[in-house]
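The lines below spell out each chain.
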Amino acid sequence: MIRIEIDSESGFCFGVTTAINKAEEKLREEKTLYCLGDIVHNGMECERLRAMGLVTINHDELSQLHDVKVMLRAHGEPPGTYEVANRQNIEIVDTTCPVVLQLQKRIKKQFDNNPEAQIVIFGKNGHAEVLGLVGQTNNRAIVVENINDVQKLDFDHDIYLYSQTTKSLDEFHRIIDYIQNHISSKATFKSFDTICRQVANRISHIAAFAQKHDLILFVSGGKSSNGKVLFNECKRVNNNCHQIEKAEEINLKWLSNVQSVGICGATSTPKWLMEDCRNYILNNI
């Protein structure tokens, strides 16, 4: 008999849980609620909330709305979004994660104090959170995704380094080391560890979890930046890993000669989806 374990540490982080709960609360009060962007980077959870009346819109559509309620998700938004909402008489339901909100405030304060310095954000270009962070600097912050991007910085000028909250702590420290080794003695360099520990601590945990099982099913939406990081960590310690978005994507041939299956996921993966995957296996073996 195959043993199946769902990782107890996988699933929504605090920020996503808060946003989902707020959406459900508002949808109990009214039939329609708008959300700027996918409320979470998981297509299955977005579909569940869409059925309840959550309407996902983009920034162009936001500017066409008037006198409605619009939710801002946990990733946060740049100042321009609030300005548009104010002009259009849109009521904002703000579920920006407190960790992200604090980071936005720190970056804005640093920019206001020294707008000529290079504010550098280690993150994914185009990611919703990163766009919100860059917006605190009138879009002047520099986004670096890897060491190759860091090489393009001006090491003769001051650098203040921050990180997207869901990035790898090890990679962040490699970037710090690189800058420290190249910065001019006449320039100031300061780094600020702004990685969410609730997310960062999952990396070591999920590696230990992946080592325990013959097969790992990593449940995550394709858009999840955090999901990519965690899946790669699973893959690093256990080559028999598969990333799926829903139970129907499970290939039963993967279960051949397998005694234990570990099911885990990203901070944007709902528990019910991992439970669906477990039930799918139990019903088909």
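Quick summary incoming for the structure in this document. Keep in mind that this is a model prediction, so the values were computed, not measured.

Some details on the sheet that holds strand β8 (residues 159-163)
The strand order across the open sheet built from 4 strands is β7-β6-β8-β9, with neighbouring strands paired in parallel fashion. Unpaired on one side and paired on the other, β7 (142-144) and β9 (189-191) mark the two borders of the sheet. Strand-to-strand twist across the sheet, computed as the mean angle between neighbouring axes with direction ignored, equals 25 degrees. Together, β6 (118-122) and β8 form the strand contacts of helix α5 (residues 98-113), whose direction differs from that of β8 by roughly 170 degrees. Docked against the sheet, helix α8 (residues 169-182) engages β6, β8 and β9, running at close to 175 degrees with respect to β8.

Notes on the sheet that holds strand β3 (residues 54-57)
Spatial strand order, β3-β2-β4-β5: 4 strands in an open sheet with parallel pairing. Lying at the two open borders of the sheet, with one neighbouring strand each, are β3 and β5 (91-94). Ignoring strand direction, the axes of neighbouring strands in this sheet form an average angle of 35 degrees. Bridging between strand β4 (residues 69-72) and β5 involves 4 bridges; their strand directions are parallel. Bridge pairing in β5 places V70 opposite I92. Packed onto the sheet, helix α1 (residues 14-29) meets β2 (33-36), β3, β4 and β5 and runs at close to 165 degrees relative to β4.

A word on the side chain of S184
When you line up the elements, S184 lands in the loop between α8 and β9. Taking relative accessible area as the criterion, S184 reaches 18% and is therefore assigned buried. Separated by 3.1 Å, the side chain of S184 and the backbone nitrogen of K186 make a polar contact.

Comments concerning the nonpolar core
Formed by 18 residues in total, the largest nonpolar core has its most connected members in V150, L153, F155, I159, L161 and I179. Taken together, the elements giving at least two residues each to this core come down to β6, β8 and α8. Formed by 17 residues, the second largest nonpolar core is a distinct cluster that contains I4, V258, M274 and C277.

Focus: the packing of aromatic side chains
Note on aromatic pairs: each is described by the distance of the centres and the angle between the planes. Across all of its chains, the model carries 4 aromatic pairs by this definition. Consider the rings of F122 and F172, whose centres lie 6.2 Å apart with planes at 20 degrees: the pair is stacked. In this pair, F122 sits in strand β6 while F172 sits in helix α8, placing the two residues 50 residues apart along the sequence. Overall, the relative accessible area of 0% leaves F122 in the buried class.

Considering the pairing of β4
Remember that side chains alternate between the two faces of the sheet whenever the strand is regular. Relative to β4, β2 runs parallel, the two being bridged by 3 bridges. Its bridge partner lying in β4, Y34 is registered against V70.

Topic: helix α9 (residues 197-211)
Along an α-helix, a turn takes 3.6 residues, which lines up residues three or four apart on a common side. A rise of 1.5 Å per residue sets the reference length of α9, with its 15 residues, at 21 Å; its end C-alpha atoms lie 22 Å apart and thus fit the reference within 8%. At I203, α9 shows its largest kink, close to 30 degrees. Among the residues making up α9, those that are buried are V199, A200, R202, I203, I206, A207, F209 and A210. Those residues of α9 that are buried lie in contact with β1 (3-6), β10 (215-219), α10 (225-237) and β12 (260-265).

Calculation criteria
Residues numbered from 1 in each chain as written. Predicted model: local features only at pLDDT ≥ 70, side-chain atom pairs only at ≥ 80, totals over all residues. Heavy atoms only, no water. Pairing = 2+ DSSP bridges. Helix = DSSP H or I, 4+ residues; strand = E, 2+ residues; numbered from the N terminus. Axes fitted to C-alpha atoms, helices over the stretch in contact; angles between N-to-C directions. Contact = heavy atoms within 4.5 Å. Buried < 20%, exposed > 50% of the residue type's maximum accessible area, 1.4 Å probe, protein only. Polar contact = N/O pair within 3.5 Å; in protein donor to acceptor, adjacent residues only side chain to side chain. Core = buried A, V, L, I, M, F, W, Y, C linked by side-chain atoms within 4.5 Å. Phe/Tyr/Trp six-rings, centres within 6.5 Å; stacked < 30°, edge-to-face > 60°. Expected span 1.5 Å × (residues − 1). Bend = angle between axes of the 7 residues up to and from the residue.

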